[in-house]
Amino acid sequence: NASAPSAHIHPIRINTSKTALMIGVLLAVCGNLVISIGLNVQKYVHNRNEARSECDRRPFTAQPLWWVGLIGTVAGEVGNFMAFGFAGADIVTPLGAVAVVSNA
């Protein structure tokens, strides 16, 4: 009578070291600042395009600066996502207010 191998369940360990928390906070703050800058660059491109005459307007996807803003926004979101690996959601999520303050 062969017995089934016992399954070992390992508890999830949450990294709460001060270094990890600081890395998470820095990633979240920097990520939100980069998001804010990227969105402002995109808005600048849209406003600049609207100021042109109707025949001089170009699709925003044809303007390199708009892509710089989009890449910045995506990079900032990646930074935010990485922050959750170092600090808990209870710390990282409220830091999203940095984007609100930096856009004011």
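Residues numbered from 1 in each chain as written. Predicted model: local features only at pLDDT ≥ 70, side-chain atom pairs only at ≥ 80, totals over all residues. Heavy atoms only, no water.

Student: Just give me the short version of helix 1 (residues 18-51), but keep the residues and values in it.
Tutor: Along its 34 residues, helix 1 runs 49 Å from first to last C-alpha, staying within 8% of the 50 Å computed at 1.5 Å per residue. Within helix 1, the full set of buried residues consists of Ala20, Gly24, Ala28, Gly31, Asn32, Ile35, Ser36, Gly38, Gln42, Val45 and Asn49. As for helix 1, its buried residues are in contact with helix 2 (64-86), helix 3 (89-92) and helix 4 (97-103). (Helix = DSSP H or I, 4+ residues; strand = E, 2+ residues; numbered from the N terminus. Expected span 1.5 Å × (residues − 1). Buried < 20%, exposed > 50% of the residue type's maximum accessible area, 1.4 Å probe, protein only. Contact = heavy atoms within 4.5 Å.)

Student: Tell me about the nonpolar core, residues and numbers included.
Tutor: Counting residues in hydrophobic clusters, the biggest one holds five residues: Ala28, Ala83, Ala87, Val92 and Leu95. Look past the residues within four positions of Val92 in its chain and what remains in contact with it is Ala28, Asn80, Ala83, Phe84 and Ala87. (Core = buried A, V, L, I, M, F, W, Y, C linked by side-chain atoms within 4.5 Å.)

Student: Describe the pattern of salt bridges, naming the residues involved and giving the relevant values.
Tutor: Throughout the structure, instances matching the rule amount to two salt bridges. The closest approach of N and O atoms between Glu50 and Arg57, which form a salt bridge, is 3.7 Å. Look at Glu50 and you get exposed, because its relative accessible area is 53%. Arg57 is the partner of Glu54 in a salt bridge, and the nearest nitrogen-oxygen pair spans 3.3 Å. Accessibility expressed as a relative area gives 64% for Glu54, which makes it exposed. Here the salt bridges do not stand alone but share partners, grouping Glu50, Glu54 and Arg57 into one network. (Salt bridge = Lys/Arg side-chain N within 4 Å of Asp/Glu carboxyl O.)

Student: Quick one: what's the story with a nonpolar patch on the surface, residue by residue and with numbers?
Tutor: A grouping of Tyr44, Leu65 and Val68 is seen on the molecular surface, where their side chains present a nonpolar patch of about 280 Å² in accessible area. One can find Tyr44 in helix 1. Given a relative accessible area of 47%, Tyr44 falls into the partly exposed group. (Patch = residues over 30% accessible without salt bridge, like charges linked within 9 Å, V, L, I, M, F, W, Y side chains within 5 Å. Areas by Shrake-Rupley, 256 points an atom, 1.4 Å probe, with all protein chains shown as cover.)

Student: Tell me about the packing of aromatic side chains, residues and numbers included.
Tutor: Tallying each qualifying case throughout the model produces two aromatic pairs. Relative to Trp66, the ring of Phe60 has its centre 4.8 Å away and its plane inclined at 50 degrees; by these criteria the two rings are tilted. Overall, the relative accessible area of 36% leaves Phe60 in the partly exposed class. Here Trp66 and Trp67 contribute two aromatic rings whose centre-to-centre distance is 5.0 Å and whose plane-to-plane angle is 90 degrees, an arrangement assigned as edge-to-face. (Phe/Tyr/Trp six-rings, centres within 6.5 Å; stacked < 30°, edge-to-face > 60°.)

Remember, this is a structural readout, not a statement about activity or role.
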